[in-house]
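# A structural walkthrough
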Amino acid sequence: MRGLGVALAACLFALAGCAGLAASHADFVAGWRTGRVEALGRAGELVRGMYHDCAPRAGADEPYAVVRYHDGGLRTRALGTTRLPPDLRVGDTVRVDVLDCNAPLELLSRPAPADAS
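This section reports on the structure supplied with the text. This one's a predicted model, so the numbers in the text were calculated from it and none came from an experiment.

Counting its secondary structure elements, the chain contains 2 helices and 6 strands. Starting at the N terminus, the α and β elements of the chain follow one another as α-β-α-β-β-β-β-β. Burial status across the chain gives 27% buried among its 117 residues. For the chain, contacts bridging at least 24 residues in sequence account for 49% of all contacts bridging at least 6. Accessible surface, the chain: about 7800 Å² in total, of which carbon and sulfur atoms supply 60%.

Given below as structure tokens:
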């Protein structure tokens, strides 16, 4: 009887893992990518060299972020946007929608502060 319980628990854990993969795949297909903020500045300074510029009509002085993300291959791509969450910093991990430029960046995590000692 104990062996059946262990086998059942293992199957439930496996199914839960597969459900997570399906959700990640669905997010990927919908355009969501996890990336890292590479640069913050003004649109006029950072817009050159973007793979995908989500703010082509941004004024030169608008706040602008460059996010580097993987798009399923070995190379990374850079996306530029003016749709920034408050208090965004270089090095933050964000989610970006590469198919919908109207979607704002979603802050996922921030790197731990460096040890000041």
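The next subject is the state of the cysteines. Covalently bonding the sulfur atom of one cysteine to the sulfur atom of another cysteine gives a disulfide. Throughout the structure, instances matching the rule amount to 1 disulfide. Note that Cys-54 is cross-linked by a disulfide to Cys-101, the S-S spacing being 2.1 Å. Given an S-S torsion of about -65 degrees, the disulfide between Cys-54 and Cys-101 has left-handed geometry. With Cys-54 in the loop between β2 (52–53) and β3 (63–70) and Cys-101 in the loop between β5 (93–97) and β6 (106–109), this residue pair connects regions lying 47 residues apart in the sequence.

Time to look at the environment of Glu-62. Within the secondary structure, Glu-62 sits in the loop between β2 and β3. Its relative accessible area of 33% is what places Glu-62 among the partly exposed residues. In this structure the C-alpha to C-alpha distance between Glu-62 and Thr-81, which are 19 residues apart in sequence, comes to 9.9 Å. Other than its neighbours up to four places away in sequence, Glu-62 contacts Gly-41, Arg-42, Ala-43 and Thr-82.

Right, let's talk about the pairing of strand β4 (residues 76–81) for a bit. Where β2 meets β4, 2 bridges bridge the pair, whose relative direction is parallel. Within β4, the position partnered with Asp-53 by the bridge is Gly-80. Summarising the sheet, β3 and β4 pair through 6 bridges and their orientation is antiparallel. Across the sheet, the residue bridging to His-70 is Thr-76, located in β4. Linking β3 to β4, which pair antiparallel, is a turn of 5 residues; within it Gly-72 sits at a positive phi near 95 degrees.

Here the focus is the nonpolar core. One finds Val-37, Cys-54, Ala-65, Val-67, Tyr-69, Leu-79, Leu-88, Val-94, Val-96, Val-98 and Leu-105 forming the largest nonpolar core, which totals 11 residues. When contributions to this core are tallied by element, the ones reaching two or more residues are β3 and β5. The biggest single contributor to this core is β3, with 3 residues. Apart from residues lying up to four places away in sequence, Val-98 is in contact with Gly-31, Arg-33, His-52, Tyr-69 and Leu-79. Formed by 8 residues, the second largest nonpolar core is a distinct cluster that contains Ala-39, Met-50, Ala-55 and Val-66.

Read from one edge to the other, the open sheet built from 6 strands follows the order β2-β4-β3-β1-β5-β6, with strand pairing classed as mixed. Only two strands of the sheet have a single neighbouring strand rather than two, namely β2 and β6.

Our next topic: the pattern of salt bridges. Following the criterion strictly, the structure yields 6 salt bridges and no others. Members of the salt-bridge network, linked through shared partners, are Asp-87, Arg-89, Asp-92 and Arg-110.

Moving on, we come to the side chain of Thr-81. Tracing the chain through its elements places Thr-81 in strand β4. From its side chain, Thr-81 meets the backbone nitrogen of Arg-83 in a polar contact 3.0 Å long. Leave out the neighbours within four places in its chain, and Thr-81 touches Cys-54, Pro-63, Tyr-64, Ala-65 and Leu-105.

Reading the values: the criteria
Within any chain, residue numbers begin from 1 and follow the written order of that chain's sequence. The model is predicted, so local features are restricted to residues of pLDDT at least 70 and side-chain atom pairs to those at 80 or more, both for listing and for counting; the totals for chains, interfaces and linings are taken over all residues. To obtain the side-chain values, all non-hydrogen atoms of the structure were included, while hydrogens and water were left out. Starting at the N terminus, helices and strands are each numbered in turn, a helix being any DSSP run of H or I of at least four residues and a strand any DSSP run of E of at least two. The cut-offs for exposure are 20% and 50% of the maximum accessible area for each residue type, with area from a 1.4 Å probe on protein chains only; residues under the lower value are buried, those over the upper are exposed, and the others partly exposed. Residue contacts follow a heavy-atom distance rule, with two residues in contact if any of their heavy atoms lie within 4.5 Å. All accessibility values rest on the Shrake-Rupley procedure with a 1.4 Å probe; residue burial counts only the protein chains present in the view. We call a pair of cysteine sulfur atoms a disulfide when they lie within 2.5 Å. If DSSP finds at least two bridges between two strands, the strands pair. By nonpolar core we mean a set of buried residues, namely Ala, Val, Leu, Ile, Met, Phe, Trp, Tyr and Cys, connected to one another through side-chain atoms within 4.5 Å. Definition used for salt bridges: Asp or Glu carboxyl oxygen within 4 Å of a side-chain nitrogen of Lys or Arg. Polar contact is the term for a pair of N or O atoms within 3.5 Å; when the atoms are in protein, one must be able to donate a hydrogen and the other to accept it, and sequence-neighboring residues count only if both atoms are side-chain atoms.

Everything listed here is a matter of geometry and, on its own, says nothing about what the molecule does.
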